[in-house]
Amino acid sequence: MQSLPSGRIPDAADIVLIGTGFASTFFLSAILPRARPGLKIVVLERGGNVPHAKRIERRKDAEFDADGYYRTIGDPNKKWRFSTGFGGSANCWTGNTPRMLPADFEMRTRFGQGMDWPFSYDALEPYYTRAEEMMQISGARNRLAPSTSPYPLPPHRPSLPEVALSKAWPGLIGPMPTARASRATPTRPQCCGNGVCNLCPVQAKFTIMGDLSAPYDDPRVSCVFDCEAIAVLTEGGAARAIAWRAADGNTGEIRADQIVLGANGFFNATLIKQSGDTSLLSGRRLHEQLGIAGMVYLDGMDSFQGSSYVTGIAYPLYADEERRRTTAAALIETRSVGQMRLEAGSWRQVLPFRLVIEDLPDEANAVTPGSDADPRSVVHFGGIGDYARKAMERADQDLARIFASLPVDWIELDGPAPTESHIQGTTVIGHDPAHSVTDQDGLHHRWRDLRVLGSSLFPTGAPANPTLTLSAHALRAGDRAGSL
Ligand SMILES: Cc1cc2nc3c(=O)[nH]c(=O)nc-3n(C[C@H](O)[C@H](O)[C@H](O)COP(=O)(O)OP(=O)(O)OC[C@H]3O[C@@H](n4cnc5c(N)ncnc54)[C@H](O)[C@@H]3O)c2cc1C
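Residues numbered from 1 in each chain as written. Predicted model: local features only at pLDDT ≥ 70, side-chain atom pairs only at ≥ 80, totals over all residues. Heavy atoms only, no water.

Caption draft 1: Structural detail: the nonpolar core. One finds L44, F266 and F403 to be the most contacted residues of the largest nonpolar core, which totals 137 residues. Among the elements that make up this core, the one with the highest residue count is helix α1 (residues 22–31) (7 residues). Look past the residues within four positions of L44 in its chain and what remains in contact with it is V16, L17, I18, G19, V224, C227, A229, I242, W244 and I254. (Core = buried A, V, L, I, M, F, W, Y, C linked by side-chain atoms within 4.5 Å. Buried < 20%, exposed > 50% of the residue type's maximum accessible area, 1.4 Å probe, protein only. Helix = DSSP H or I, 4+ residues; strand = E, 2+ residues; numbered from the N terminus. Contact = heavy atoms within 4.5 Å.)

Caption draft 2: Seen up close, the site of the ligand. Near the ligand, the surroundings consist of 35 residues, among which F22, A23, E45, N96 and T467 are the closest. Residue E45 places a side-chain N or O atom 2.5 Å away from an oxygen atom belonging to the ligand. Within the backbone of T94, a nitrogen or oxygen atom sits 3.0 Å from a nitrogen atom of the ligand. Burial of the ligand by the surrounding chains reaches 96%, relative to a free accessible area of 1,000 Å². (Near = heavy atom within 4 Å. Polar contact = N/O pair within 3.5 Å; in protein donor to acceptor, adjacent residues only side chain to side chain. Areas by Shrake-Rupley, 256 points an atom, 1.4 Å probe, with all protein chains shown as cover.)

Caption draft 3: Here's a closer look at helix α8 (residues 264–274). With 8 of 11 residues buried, α8 is to be regarded as a mostly interior element. Its side-chain oxygen 2.8 Å from the backbone nitrogen of F266, N264 forms the N-cap of α8. G276 sits one or two positions beyond α8 and adopts a positive phi of about 105 degrees.

Caption draft 4: The sheet that holds strand β14 (residues 366–368), seen in detail. If you trace the 3 strands from one edge of the open sheet to the other, you get β4-β15-β14, paired in mixed fashion. Since the sheet does not close on itself, it has two edges, and those belong to β4 (70–74) and β14, each with one partner. With direction set aside, neighbouring strand axes in the sheet form an average angle of 25 degrees. Direction of pairing for β14 relative to strand β15 (residues 377–381): antiparallel, over a ladder of 3 bridges. Across the sheet, residue V367 finds its bridge partner in β15, namely V379. (Pairing = 2+ DSSP bridges. Axes fitted to C-alpha atoms, helices over the stretch in contact; angles between N-to-C directions.)

Caption draft 5: Representation of the packing of helix α4 (residues 121–135) against helix α11 (residues 467–479) in the model. Direction vectors running N to C along α4 and α11 enclose 110 degrees, while the axes themselves pass 8 Å from each other. Between α4 and α11, the angle is such that the two are roughly perpendicular. Here the hand of the crossing between α4 and α11 comes out right-handed. Contacts from A123, L124, Y127, Y128, R130, A131, E132, M134 and M135 of α4 reach α11 at L468, T469, S471, A472, H473, L475, R476 and D479. Its residues placed into classes, the contact of α4 with α11 shows 10 nonpolar, 3 polar and 4 charged. (Parallel < 35°, antiparallel > 145°, perpendicular 65-115°, else oblique. Left-handed = near helix turned anticlockwise from the far one by under 90°. Nonpolar A, V, L, I, M, F, W, Y, C, P; charged D, E, K, R; others polar.)

Nothing here speaks to function; it is geometry throughout.
This is how it looks when you write it as structure tokens:
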């Protein structure tokens, strides 16, 4: 990898790319094979390049906590989570990779809720397959998310309660697709199932650093670490340069033909807003799922036989199209790692799970830039909407119905978790500039040659975790980027 010190940052490039997470890396992987030999790409990454061994030594998945990058106005219990540095949150993600379902792309048309995406599931399907291949996903296909090819790796072994649930709900409950390897790959060992996914001790989950660093070794690409992009500079309605500030105090500008932001839902929005984008929707519609952890206490059935952390996914509350007209869809993750039951003889008779409820974006929830005195991004979040609240209110009855085929002693639910670690909305895609910030490929409606990538583009989220979808979208945007 060509890693430049801040004193050697060039003042011109063909493309400047911000961030080294999923969005940037999948885009780079798509464009490099067909880009011309002399193309010059400079990548700015605000965090460092900290090897896995160093993270293990420090017992920390990131150099800095997300809390240091933002402050909140509104719901005091709400948190957001991400990590910075080479690979972004790939270093700390859990690795669950369900696809979104076809209905998720047509929320307005089918259910009269949220917004439609500007393309269908079918348009993204080949890129889902490509992203799954690149991440070597373990899983078993499901008719709800149609695909033309099998997953690269077989699914993880389920627990006994998960086997019973999949028999009771055929086609609706099955293995969680995951980037935690079910068997060794050329770059990763098999998942050891210890549940410490945020700092996987054996590197069994897909990461950019471990599995997809090759684009950064390309001679056309130069990386600068510990260097923050602070503004996009525009001229005549086009993005023409990026202003940067390095951790060592150096500052400068890089002129470029194209600028690509893959800096996540907080920083994509912060950057374009502090560059002067005053359009109505920019920074708005921040949202993520609402997660609620729980336990099914079992009478005489042992659990925890699964071969990874999250081993099951349940779709009965997700695939129910009638429910979705009025009430948010939800998925249930079931786990093979978690707290055991504190009664002698029944230690393993418990199934840990998480109910994950979609929340519709609300324009009042937004990210805005900080000030000179306090440069942290400001997150305005008033709380979840009524659609999600309805799902939360009926969670007890829904869960009793779904788990009814198990020998249930009782079901326990925690309160809402502070975050699902997914940052969605803020630079949403759409055909109509009056209702979106970027077009279907992430190109900014107002400023030419500026592209935004990642889940900040999501016009409506879904119960599904976002990363496979944002990676597939970045591949598609890269394929459609024209000649380079
Ligand atoms: C603990 C945890 C568990 C998760 N588990 C899952 C899961 O199981 N499944 C799933 O689908 N998703 C999961 N996620 C979410 C997932 O990690 C994100 O969706 C994904 O990382 C987003 O990719 P991205 O490339 O858009 O952004 P990021 O991964 O956040 O990368 C953005 C990069 O840009 C850099 N950057 C930001 N601002 C600037 C700037 N101004 N200048 C230069 N560089 C900048 C950052 O340092 C970072 O490296 C999890 C997240 C966390 C935190």
